[in-house]
Amino acid sequence: MFGNERQAAFHDVTKSNKVVYITPNGTVWYTARLSLTLHCEMDFHKFPMDEQKCAVDVESFQYTVKDLVFQWTEDEPAEFNKGHLKLPQYNLRNYDTKNCTKRLSTGVYTCIGITFTLDRELGYYLLQTYIPSVLLIILSWVSFWIDIKASPARVALGITSVLTMITTLNGVREDLPHVSYIKAIDVWFAMCLMFVVGSLIEYAIVHYLSSNKLQLWHNRSPSKVKKAEKYSGECCVSLTIVDRDRSRAGSMSKSLQASNGTLANSDAISLHSTSPLGEEGKIWIRGNCARKPEAIYDTGKKIDYFCRIAFPIAFILFNLGYWCYYKLW
């Protein structure tokens, strides 16, 4: 019998496919054609770059080694035509024979086995899984070249890439074996999803720095600048006040300067002048030469420029580690 057999059937078209031949020296040749469904324990840690070893065990069920002994022929234990033996996802690399004689409480029973080593073909998964996911990641990097102010374009591109990656992952998982441990293809999809989501999070950070921070500067409450405060450096805001009654007060010109050439944005500047009647008037000016909005905007552009280089380099390094580990290990 076959120890790991799940289902078996003899062929009987057009008649029973069995042959018994007795040689002149008394050797009996018995040949039968069978179709077998065998159990094979597989390890999918390296799927789809895995190799599987499946065995066929032939053992005695009734007779002990005193009555029956199985042995492999020395010349060619297993004969098959390699040109006609083709599997959809596997390539037969080699085979090994073994002696699996078992000792049980009822006696010793003869057993022989043959183990086939199968390598999985990677072509199908390259075309259906790896190449499309790489293209999706490259597509998500296009957002680094889109202007920060083009929020609809960058958000739509990022969300579309994430949803497409999730859809691809769910489609591939339907055909994958359901096991509890992590497979090589799970690591690939997890990292690809991280790269796609990372490009979307990068834009959220850039948009916050270039938009929310800038709005915060524009909404600052005015602050008074004391009259006695001294300024040095190039003139930032220049104000000329001319008295309508030139015969009484003449004209007055004042320049406001900051030590670094700029004043705080949205700062209110209070200038005091005394009229001929002794009344003190105040003139409020909201300055425009404060911290430049371009400085914050340039920070976002620098982050985009950094990500244009960092993301591809990180993905290349991940690929080197991934393929070397799973193909060479």
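Remember, it's a predicted structure, so these values are computed and weren't measured experimentally. (Residues numbered from 1 in each chain as written. Predicted model: local features only at pLDDT ≥ 70, side-chain atom pairs only at ≥ 80, totals over all residues. Heavy atoms only, no water.)

A closer look at the state of the cysteines
Tallied over the full model, the rule gives two disulfides. The residue that forms a disulfide with C40 is C54, at a sulfur-sulfur distance of 2.1 Å. Taking the sign of the S-S torsion, about -85° here, the bridge from C40 to C54 comes out left-handed. With a gap of 14 residues between them, C40 in the loop between strand 4 (34-38) and strand 5 (51-59) and C54 in strand 5 connect regions that are remote in the sequence. Overall, the relative accessible area of 21% leaves C40 in the partly exposed class. Two residues share a disulfide in this structure: C100 and C111, whose sulfurs sit 1.9 Å from each other. Residues C100 and C111 share a disulfide whose torsion about the S-S bond is about -65°; that sign makes it left-handed. With a gap of eleven residues between them, C100 in the loop between strand 6 (90-99) and strand 7 (102-104) and C111 in strand 9 (residues 111-120) connect regions that are remote in the sequence. A residue is classified by how much of its surface remains accessible, and C100, at 16% relative accessible area, is buried. (Disulfide = S-S within 2.5 Å. Helix = DSSP H or I, 4+ residues; strand = E, 2+ residues; numbered from the N terminus. Buried < 20%, exposed > 50% of the residue type's maximum accessible area, 1.4 Å probe, protein only.)

Some remarks on the environment of L68
With respect to the helices and strands, the residue L68 is situated in the loop between strand 5 and strand 6. Residues L68 and T110, 42 residues apart in the sequence, show an inter-C-alpha distance of 7.0 Å. L68 has contacts with S60, Y63 and T110, leaving out every residue within four places of it along the chain. (Contact = heavy atoms within 4.5 Å.)

Quick word on the nonpolar core
Formed by 28 residues in total, the largest nonpolar core has its most connected members in Y130, I137, W188 and Y322. Every element with two or more residues in this core is listed here: helix 1 (123-141), helix 2 (151-173), helix 3 (184-218) and helix 5 (293-328). At seven residues, the largest contribution of residues to this core is made by helix 3. Sequence-distant contacts of Y322, that is, excluding residues within four places in its chain, are made with M49, Y130, A184, I185, V187 and W188. (Core = buried A, V, L, I, M, F, W, Y, C linked by side-chain atoms within 4.5 Å.)

Some details on a nonpolar patch on the surface
Taken together, the side chains of F10, V20, I22, V28, Y30, L34 and L36 define a hydrophobic patch exposed on the protein surface, amounting to about 670 Å² of accessible area. When residues of the nonpolar patch are traced back to their parent elements, those giving at least two are strand 2 (18-22), strand 3 (28-32) and strand 4. (Patch = residues over 30% accessible without salt bridge, like charges linked within 9 Å, V, L, I, M, F, W, Y side chains within 5 Å. Areas by Shrake-Rupley, 256 points an atom, 1.4 Å probe, with all protein chains shown as cover. Salt bridge = Lys/Arg side-chain N within 4 Å of Asp/Glu carboxyl O.)

Examining unusual backbone geometry
Apart from glycine, the bulk of residues carry a negative phi angle, and the bulk of peptide bonds sit in the trans form. The step from V13 to T14 runs through a cis peptide bond, and the omega angle for that step is 0°. When you line up the elements, T14 lands in the loop between strand 1 (5-10) and strand 2. Following F47, the chain continues to P48 via a peptide bond in cis, the omega torsion being 5°. Structurally, P48 can be placed in the loop between strand 4 and strand 5.

Overview of a negative patch on the surface
Together, E74, D75, E76 and E79 give the surface a local cluster of negative charge. Here E76 is to be found in the loop between strand 5 and strand 6. Given a relative accessible area of 39%, E76 falls into the partly exposed group. (Lys, Arg positive; Asp, Glu negative; His and termini not counted. Charge placed at Lys NZ, Arg CZ, Asp CG, Glu CD.)

So yeah, pure geometry; function would need other evidence.
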